[in-house]
Amino acid sequence: MSEFTEAMAQLAAGVAVVTVRDGRDDLGTTVSALMSVSLEPPLILVSLGSGGYLCEVLLRQDRWAASLLSAGQAAIASRFATAGRPSARHLVAGIAHHRSTLSDALVVEGGVAALEAETTQVVPAGDHTLFIARVLAVPYVTPSLQPLVRLRARYRPMGGS
């Protein structure tokens, strides 16, 4: 692990699953690089590795969803972090989910929140691509749940060591 990677692993980050519908297929991946950019208009940013298939799909599909995972959803985060290109429909098998109305993407239920978004700007950034998106809808917010975070290369509940 490089010193830079190790240094950045010291920063706790929320964990989300980003999903998109591409024709008849559904794709998704786990991210910990998702942030709020603006309140008015409501904008978020997600950073994806430029060589990944999801990045390729988001370059042609503007609407997508982000499910912000709760502390009890580490197994879901691990499923979506698996290498390769398994269909998101297989990844959500056996877990509560629904298809979003505006983006047509799969939304994982039971998280701390979910967002539907539409990309407004794409910014190449080193070996990653930044997708800045306008929030179209917030399907749910569950403030009573604790968020799942990634810290020091592990998923942890908030307040975990």
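Everything below is about the structure printed above this text.
These lines cover the structure that appears in this document, whether it is placed above or below. All figures in this text were calculated on a predicted structure; none of them were measured in a lab.

1. Details of the overall build of the protein chain
Logical step 1: When you go through the protein chain residue by residue, the secondary structure sums to four helices and 12 strands.
Logical step 2: Taking 15 Å as the expected radius of gyration for a compact globule of 161 residues, we find that the protein chain reaches 15 Å, a close match to that expectation.
Logical step 3: For the protein chain, with 161 residues in total, the buried portion stands at 40%.
Logical step 4: Taking contacts inside the protein chain between residues at least 6 apart in sequence as the whole, the part at least 24 apart equals 62%.
Logical step 5: Only carbon and sulfur atoms are counted for the fraction: they give 56% of the accessible area of the protein chain, which is about 8,400 Å².
Logical step 6: Charge separation in the protein chain, taken as the distance between the mean sites of 13 positive and 13 negative side-chain charges, equals 6 Å.

2. Let's talk about the pairing of strand 6 (residues 63-68)
Two faces, one strand: in a regular strand the side chains alternate between the faces of the sheet.
Logical step 1: Here strand 2 (residues 16-22) pairs with strand 6 via four bridges, running antiparallel. Note that in strand 6 the partner of Thr19 across the bridge is Ala65.

3. A look at the side chain of Gln73
Logical step 1: Within the secondary structure layout, Gln73 lies in the loop between strand 6 and helix 3 (74-80).
Logical step 2: Take Gln73: its relative accessible area is 7%, and that puts it in the buried class.
Logical step 3: Reaching out from Gln73, the side chain makes a polar contact with the backbone nitrogen of Ser70 at a distance of 2.8 Å.
Logical step 4: For Gln73, the contacting residues outside a window of four places in its chain are Val108, Glu109, Gly110, Gly111 and Leu148.

4. Some details on the sheet that holds strand 2
Logical step 1: Taken together, seven strands build an open sheet; the order of strands is 3-2-6-9-10-5-4 and the sheet is antiparallel. In this open sheet, the two strands that pair with only one neighbour each are strand 3 (25-31) and strand 4 (34-38). On average, each strand axis in the sheet is inclined to that of its neighbour by 35°, with strand direction left out of account.
Logical step 2: Of the strand pairs in this sheet, strand 6 and strand 9 (residues 113-125) are connected by six bridges, and their pairing is antiparallel. Residue pairing in the sheet places Ala66 in a bridge with Leu115 of strand 9.

5. A short note on the pattern of salt bridges
Logical step 1: Enumeration according to the criterion identifies six salt bridges in this entry.
Logical step 2: With a closest N to O distance of 2.6 Å, Asp22 and Arg60 form a salt bridge. Placement of Asp22 in strand 2 and of Arg60 in the loop between helix 2 (53-58) and strand 6 is noted, with a sequence separation of 38 residues between them.
Logical step 3: Given the relative accessible area of 15%, Asp22 is considered buried.
Logical step 4: We classify Arg60 as partly exposed; its relative accessible area is 43%.
Logical step 5: Two residues, Glu118 and Arg134, come together in a salt bridge whose shortest N-O distance is 2.8 Å.

6. Observations regarding the nonpolar core
Inside soluble globular proteins, nonpolar side chains tend to come together where they are buried.
Logical step 1: Judged by nonpolar contacts, the single largest core of 19 residues is most densely connected at Val18, Leu48, Leu58 and Trp64.
Logical step 2: Among the elements of the structure, strand 2, strand 3, strand 5 (43-49), helix 2, strand 6, strand 9 and strand 10 (128-141) are those that each provide at least two residues to this core.
Logical step 3: Ignoring anything within four residues of it in the chain, the contact list for Leu58 reads Val18, Val20, Leu48, Trp64 and Phe131.
Logical step 4: Of all hydrophobic cores here, the second largest spans 13 residues; its members include Val15, Leu69, Ile76 and Phe80.

Quick notes on the rules
- Here the residue numbers are simple positions, counted from 1 along each chain's written sequence.
- For a predicted model such as this one, the threshold for reporting local features is a pLDDT of at least 70, and the threshold for listing and counting side-chain atom pairs is 80 or more; totals across whole chains, interfaces and linings nevertheless cover every residue.
- Each side-chain value is derived from all of the structure's non-hydrogen atoms; neither hydrogens nor water enter the calculation.
- Secondary structure elements are taken from DSSP: a helix is a run of H or I of four residues or more, a strand is a run of E of two residues or more, and numbering for both begins at the N terminus.
- The globule rule used for comparison is 2.2 Å times the number of residues to the exponent 0.38, while the radius of gyration itself is calculated over C-alpha atoms.
- Burial classification: accessible surface area is computed with a 1.4 Å probe over protein chains only, and a residue below 20% of its type maximum counts as buried, one above 50% as exposed, and the rest as partly exposed.
- Contacts are residue-level and defined by heavy atoms, with any inter-residue pair within 4.5 Å sufficient.
- Only the protein chains shown count as covering a residue, and every accessible area follows the Shrake-Rupley method with a 1.4 Å probe.
- Counted as positive: Lys and Arg. Counted as negative: Asp and Glu. His and the chain ends are not counted at all.
- The atom standing in for a charge is NZ when the residue is Lys, CZ when it is Arg, CG when it is Asp and CD when it is Glu.
- Strand pairing is assigned whenever DSSP detects at least two bridges linking the two strands.
- Polar contacts here mean pairs of N or O atoms no more than 3.5 Å apart (in protein, one a potential hydrogen donor and the other a potential acceptor; neighbouring residues in sequence count only if both atoms are side-chain atoms).
- To get an axis, fit a line to the C-alpha atoms, keeping to the stretch in contact for a helix; angles then go from 0 to 180 degrees between the N-to-C directions.
- For this analysis, a salt bridge means a side-chain nitrogen from Lys or Arg found within 4 Å of a carboxyl oxygen belonging to Asp or Glu.
- In this text, buried Ala, Val, Leu, Ile, Met, Phe, Trp, Tyr and Cys residues form a nonpolar core when linked through side-chain atoms within 4.5 Å.

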